[in-house]
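# Coordinate analysis (summary)
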Amino acid sequence: MKLQQRKTRLRAAALGALAVSGALVLTACGSDNNSGSTGGTGTKTNAASDVKCDGAKGQLRASGSSAQKNAMDLWAKGYMAACSGVEINYKSSSSGEGIVAFNQGTVGYAGSDSPLKPAEVADSKKVCSGGQGIDLPMVGGPIAVGFHLEGVDSLVLDGPTLAKIFATKIKTWDDPAIKKLNPGVKLPSKAIQPFHRSEDSGTTENLSKYLTATAPDDWKYPVGKSWPAPGGQAAAGSAGVSQQVKQVDGSIGYFELSYATSQKISTVKIDTGAGSPVEATPDNASKAIAAAKVVGTGPDLSLKLDYTTKADGAYPIVLVTYEIVCDKGNKAATLGTVKSFLNYTASDEGQKQLSTAGYAPIPAEINAKVRKTLATIS
């Protein structure tokens, strides 16, 4: 009888210890996601991100650049985990559509891969009461040129050759110009199928700026968000172009690097005239973006990029995505959330996360100006 009682006591003690252990595990898991959460009204310090939820509340709608979609998804997930009751709803469309939505007053901020044009700034004054739209650089990264060519997994091209390919002047993969850049590579006599964006896109505009700067004799088309050259096939968004390149043998297209990474699409190395061809990587893009100059005035921080760089390891086909906000006259219902969320994306922790998703952080000197400007918007 005494032996049976002793066994019962031991079993109860073991179950009690297991319950405590389980409770500790659950508490630890909960602290990873919700530690110190104060909802949308207080300051939340998260061990992973130091998110400040001051003034944040309700739903924040935003839209625009598809190139920054993966970054926005990453940031929104971390931010909403820290600021309960706040929802960030970023619609990936295009830079052009994002600016239209911003100037119609239907979003709290817009994402664009190119800064506002003078006419767009003028339109923004109708929405930004007493102020205007400004450009805040937030996401950097390489525009990857992805290709799908069975039997070839490494390819080098330069500005003039890319210009002729996208203008459909070079029509087959065994063209002498491509062979010259790829000695020893067995290139098939296969038709090249170039894909471009079907809608207005800042990614298109940045690629066009690169081609204009590096191949003026071969790319004589206007620089803009709309695809200017004849021929080729169109697809919607970076997702659509990358999907087509993934599926179609003989294809080539352009999109933000994370689309190539996630779908395992081979990317072109660019011959810039440096010591060796440069691969599309976040670090190599950062080397090119670091040379950018702020050309905006007042609180506007639009940049001028150097697409003709020959610096070793600097990948030249880059973009910077701007978050477009009102410097004054933001809607009271969303101002607190806009400032809180964008302060997080511009924080050291927020910028560090970019590299893990295939993007390039904004150079520290420029990013410091972004944070200073965010503190002044009203």
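Rules used in this analysis
- Residues numbered from 1 in each chain as written.
- Predicted model: local features only at pLDDT ≥ 70, side-chain atom pairs only at ≥ 80, totals over all residues.
- Heavy atoms only, no water.
- Phe/Tyr/Trp six-rings, centres within 6.5 Å; stacked < 30°, edge-to-face > 60°.
- Helix = DSSP H or I, 4+ residues; strand = E, 2+ residues; numbered from the N terminus.
- Buried < 20%, exposed > 50% of the residue type's maximum accessible area, 1.4 Å probe, protein only.
- pLDDT = per-residue confidence, 0-100.
- Contact = heavy atoms within 4.5 Å.
- Disulfide = S-S within 2.5 Å.

On inspection of all chains with the given rule, the structure shows 9 aromatic pairs. With centroids separated by 5.8 Å and ring planes inclined at 70 degrees, the aromatic side chains of F166 and W227 adopt a geometry described as edge-to-face. Here F166, found in helix α5 (residues 159-166), pairs with W227, found in the loop between α7 (202-214) and β7 (233-235); they are 61 residues apart in sequence, far enough to count as distant. Judged by its relative accessible area of 1%, F166 is buried. Overall, W227 belongs to the buried group, its relative accessible area being 15%.

Per-residue pLDDT for the protein averages 88, and the proportion of residues at 70 or more is 87%. Note that residues 1-48 has pLDDT below 50 and, in this model, 37 contacts with residues that lie over four places away or in other chains.

A full pass over the atoms with the stated rule returns 2 disulfides. Each disulfide pairs two cysteine sulfurs, and for C53 the partner residue is C83, the sulfurs being separated by 1.9 Å. Taking the torsion about the sulfur-sulfur bond, which here is approximately -85 degrees, the covalent link between C53 and C83 counts as left-handed. Remark: C83 occurs in the loop between α2 (69-82) and β2 (86-92) and C53 occurs in the loop between α1 (2-34) and β1 (58-64); sequence separation between them is 30 residues. For the pair shown, C53 and C83 are each scored as buried.

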